[in-house]
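Residue strings, one per chain:
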Amino acid sequence: MRLTRWHLLPLALIALPSLAASGAPLAIGAKAPMRETTMKCVGGSDTSIASAAGKNGTLVIFMCNHCPWVKAWQTRIAAIGNAALDQGVGVIAINPNDPAAYPEDDFDTMVARAHQLGFKFCYAVDATSEIATSFGASHTPEAFLFDASGKLVYHGAVDDNAKDESAVKHPWLKQAVSAVAKGKPVSDAETKAMGCSIKFRAPRSS
Amino acid sequence: MTGLSRSMLAAIAIAVALAGCGSDGSGRAEHSVPPLAASGPVVPVTADGIHQLVARPGARATIVNVWAAWCAPCREEFPALLSAARARRDAGLRLVLVSADWDDQLPAVRAFLAGHGVADTTYLKSGDEQQFINGLSPRWSGSLPATFVYDARGRLVDQWEGMADEQRFTSAVDRTLAAAHP
C-alpha cells in the first residue's frame, strides 16, 4: 500500500474528530454508583460497596492479579487497605477483568493472592465489569476513596513510584485515607500513574 | 544449526528486511537491513521531549504510541500499528514509539522491537510519571496502551486508550494526513 498526499486529500472533507475519551471517571464529590450491587468475595460470601462501607469512609480499589503495576503495588495496597480498616474506613478491592483475556485474573488466583497478601478486606469479582464501567475506571490499579458522607474525595494512584517503594515521595492514597479517617480534606484529590487497561467483559445482550 | 532454525532465522531476516519502519522522526527512508535480533537505540524521553519530536519539521502527521513489553494489548496491537505506519511513511507519517517499561525491562523491550523489525530509534519514558501522563495529555488516565495523533505542527488532534485495530489507526492517521496542507 502506498499512499500519497493526493490520495488522501478527499479525506480532508472529513472533519477531525474531537479528542477521543473513554467513559469519564467519577468526578470528585460524586457518590459511588452501584453501591448495592452484590459481588462474590474471595471468602465465598456476597458483598457490595454499601456493605463494605466504613463509618469514616470507603476505599474502592480496582485491581487484578496479572498486571505488573498491580504486582508492584500489591503489598502497599494490602498495607494501606488493612490500615484503613483500623481507621474506620471500609475497603473493597474489585477485579473487573475478564479472565478469558487474562487467565491469571481468575477467581482461584484472586483467592490465592488475597491470602498471600494478607488482605483483611474483601477482594471481589465485578462479574460483568459493569461496576468498573459505572465508575469510569480505566486501568488497574485505580483507587476511589469516599468520605463518611459518601462523596468521592480521592481518585487515582497508590503513590508516585510503583517500582521502588523506598523512593516514594508522594504516598497519595495512604495520606488520603488518613485524612478521610480524620474527617479532614484530601490535599491531592486526583493523581495519575500508569497501569494496565481494564479488559472489560462484553456487554450482556438484552 | 538445524535446518529448522536456519529456516526460522531466514524468515525473521526477511521480515526484518521488509520492515524498516522510520520511527526516528527523521522522515528518511530506511533501506538498510537492520542486524538480525537487534533493535535501534532506545532513548529516554520526557513529555517535553515528545512535544519536540512531534513538532519537528519533516512529517505531515505523527502517531505516538506508548506501550510496554509486558502489556498484552500493547503487544497485540503492535503489528497493526506498524502496518498502518509503514504504509503511510511515504505520505509523511512519522511514528514515535515510547516504551513505558522500567529500566530493568530494557532487554525485553529491545527483543520485542527487534522481533518486529523496528531498527530505528525508539524511546523510553523517563522522569516523573504523573508529569509524563499529564504532559502528553491531561485526558490520558495512564492506561496502556495509549495512542496520540499529532498534526504537522505538532498539535494533538486525536488520542485513545486501550488496544486498537488497524482500522482505528488508519482512520485517525488518514484524517490527519488529509487535513495537512500539501
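Residues numbered from 1 in each chain as written. Chains lettered and ligands numbered in written order. Predicted model: local features only at pLDDT ≥ 70, side-chain atom pairs only at ≥ 80, totals over all residues.

Visitor: Would you mind going over the packing of helix α3 (residues 72–87) of chain B against helix α6 (residues 166–179) of chain B with me for this structure?
Guide: Two numbers describe a pair of packed helices, the interaxial angle and the distance between the axes. All names here are of chain B. Relative to each other, α3 and α6 sit at 35 degrees, their axes nearing to 8 Å. Our pair here, α3 against α6, has a crossing hand that is right-handed. Of the residues in α6, those touching α3 at A80, L81, S83 and A84 are E166, F169, T170 and V173. For the contact of α3 with α6, the per-class residue count stands at five nonpolar, two polar and one charged. (Axes fitted to C-alpha atoms, helices over the stretch in contact; angles between N-to-C directions. Helix = DSSP H or I, 4+ residues; strand = E, 2+ residues; numbered from the N terminus. Left-handed = near helix turned anticlockwise from the far one by under 90°. Contact = placed C-beta atoms within 7 Å. Nonpolar A, V, L, I, M, F, W, Y, C, P; charged D, E, K, R; others polar.)

Visitor: Can you walk me through the sheet that holds strand β2 (residues 46–47) of chain A in this structure?
Guide: Within a sheet, each strand pairs with its neighbour through backbone hydrogen bonds, oriented either parallel or antiparallel. Residues and elements named next belong to chain A. Strand order in the open sheet formed by seven strands is β2-β1-β5-β4-β3-β7-β8, and the pairing between neighbours is mixed. Two strands in the sheet have a free side with no partner beyond their single neighbour: β2 and β8 (152–156). Bridge count for strand β3 (residues 57–62) against strand β4 (residues 89–95) is six bridges, and the pairing is parallel. From the neighbouring strand, G57 faces β4, where its bridge partner is V89. (Pairing = 2+ DSSP bridges.)

Visitor: How should α6 of chain B be read in this particular structure?
Guide: Side chains that are three or four residues apart share a direction in an α-helix, a result of its 3.6 residues per turn. Residue and element names in this part refer to chain B. For α6, with 14 residues, the first-to-last C-alpha span of 20 Å sits near the 20 Å given by 1.5 Å per residue. Across the 14 residues of α6, ten count as buried, placing the element largely inside the fold. All of the buried residues in α6 are F169, T170, A172, V173, D174, R175, T176, L177, A178 and A179. (Expected span 1.5 Å × (residues − 1). Buried ≥ 20, exposed ≤ 12 C-beta atoms within 10 Å, placed from the backbone.)

Visitor: I keep staring at the confidence of the model for chain A and nothing clicks. Help me out?
Guide: Caution applies to low-pLDDT parts of the model: their predicted coordinates are not meant to be read in detail. Of the residues in chain A, 88% reach a pLDDT of 70 or more, and the chain-wide mean stands at 90. Every residue in residues 1–22 of chain A scores below 50 in pLDDT, and together they form 37 contacts with partners more than four places removed in sequence or on other chains. (pLDDT = per-residue confidence, 0-100.)

Visitor: I would appreciate a short explanation of the sheet that holds strand β5 (residues 143–144) of chain B in the present structure.
Guide: As summarised here, the arrangement of the three strands in space is β6(A)-β9(A)-β5(B), forming an open sheet in which the pairing is mixed. Strands at the two margins of the open sheet, each flanked by one partner only, are β6 (139–140) of chain A together with β5 of chain B. Summarising the sheet, strand β9 (residues 195–197) of chain A and β5 of chain B pair through two bridges and their orientation is parallel. Bridging from a neighbouring strand, C196 of chain A pairs with L144 of chain B of β5 of chain B.

Visitor: Mind showing me how you'd approach the pairing of strand β7 (residues 156–161) of chain B here?
Guide: Within a regular strand, the side chains alternate between the two sheet faces. All names here are of chain B. Pairing geometry for strand β6 (residues 146–151) and β7, over five bridges, is antiparallel. Paired with T147 across the bridge in β7 is W160. The loop that links β6 with its antiparallel partner β7 comprises four residues; one of these, G154, has a positive phi angle of about 85 degrees.

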